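Structural description and commentary
Chain residues, written in single-letter form:
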Amino acid sequence: AGVDQLAIVAYVAEDKQAECSCQEWMEKVLSLFGGKLISSAKDYSAGVILTDSNNNIFPLKIRESLILEANNFLRKRGLFPEDNSDDDDDMVFGDDDFPS
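Residues numbered from 1 in each chain as written. Predicted model: local features only at pLDDT ≥ 70, side-chain atom pairs only at ≥ 80, totals over all residues. Heavy atoms only, no water.

Turning to the side chain of Ser45, a few remarks are in order. By the secondary structure assignment, Ser45 is in strand β3 (residues 44-50). Separated by 3.3 Å, the side chains of Ser45 and Ser40 make a polar contact. Those residues within four positions of Ser45 in sequence are excluded, and the remaining contacts are Ile8, Val9, Ala10, Cys22, Gln23, Met26, Leu37, Ser39 and Ser40. (Helix = DSSP H or I, 4+ residues; strand = E, 2+ residues; numbered from the N terminus. Polar contact = N/O pair within 3.5 Å; in protein donor to acceptor, adjacent residues only side chain to side chain. Contact = heavy atoms within 4.5 Å.)

This is the structure:
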C-alpha cells in the first residue's frame, strides 16, 4: 500500500486450483473498488487499485475490507476456516476482582 495505489497478489496452490480460480478470486476482490487485473495465471494473479480521493478510495482505508472480502470468497468454497472460536470463554476481570 502506498499513497497512489494498493497492489494485491493472490496465490492458489496447485492442489486447490480445481476448487478456486485465482483470476476469479482476484477479480472479485478488485471489483469492490474498481481495481484492475494486471496479470493472471492458474497459481498467481495480481491487481491494483488506484487512489481516488473523489470516491474516498485510499489504500490504507480499504485494505481491511479487501482482506475480509478475499477471506469470505474462500470461505464460501470451504477453503478458509470458519471463525468458530467462542470469545465468551475468556475470563474478564474488573477492578473489584483485585483488591488492593
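Here we come to helix α2 (residues 59-76). For an α-helix the count is 3.6 residues per turn, leaving residues at separations of three or four pointing the same way. The first and last C-alpha atoms of α2 sit 25 Å apart over 18 residues, in line with the 26 Å expected at 1.5 Å per residue. Buried residues of α2: Pro59, Ile62, Leu66, Glu69, Ala70, Asn71, Phe73 and Leu74, and no others. Tucked inside the fold, the buried residues of α2 contact β1 (5-11), α1 (22-31) and β3. Looking one or two residues past α2, Gly78 carries a phi angle of roughly 70 degrees, positive in sign. (Expected span 1.5 Å × (residues − 1). Buried < 20%, exposed > 50% of the residue type's maximum accessible area, 1.4 Å probe, protein only.)

In this section: the packing of α1 against α2. Direction vectors running N to C along α1 and α2 enclose 140 degrees, while the axes themselves pass 9 Å from each other. Between α1 and α2, the interaxial angle falls into the category oblique. Pair α1 / α2 crosses with right-handed handedness. Together, Glu24, Trp25, Lys28 and Val29 of α1 and Leu66, Glu69, Ala70, Phe73 and Leu74 of α2 make up the contact between the two elements. (Axes fitted to C-alpha atoms, helices over the stretch in contact; angles between N-to-C directions. Parallel < 35°, antiparallel > 145°, perpendicular 65-115°, else oblique. Left-handed = near helix turned anticlockwise from the far one by under 90°.)

Glancing now at the environment of Gln17. The residue Gln17 is located in the loop between β1 and α1 in this model. Judged by relative accessible area, which is 24%, Gln17 ranks as partly exposed. Considering only alpha carbons, one finds Gln17 and Asp43, 26 residues apart in sequence, at a separation of 7.3 Å.

This next bit is on the packing of aromatic side chains. In the structure shown here, the tally under the stated rule is two aromatic pairs. Between the aromatic rings of Tyr11 and Tyr44, the centroid separation amounts to 4.9 Å while the plane-to-plane angle is 45 degrees, which identifies the pairing as tilted. Of the two residues, Tyr11 sits in strand β1 while Tyr44 sits in strand β3, which places them 33 residues apart along the sequence. A ring pair is formed by Trp25 and Phe73, whose centres lie 6.5 Å apart and whose planes are at 15 degrees; its orientation type is stacked. Of the two residues, Trp25 is situated in helix α1 and Phe73 in helix α2; the sequence distance between them amounts to 48 residues. Of the two residues, Trp25 and Phe73, neither departs from the other in class, the shared state being buried. Between Arg77 and the ring centre of Phe73, over which it is positioned, the NZ or CZ distance is 3.7 Å. (Phe/Tyr/Trp six-rings, centres within 6.5 Å; stacked < 30°, edge-to-face > 60°. Lys NZ or Arg CZ within 6 Å of the ring centre and 35° of its normal.)

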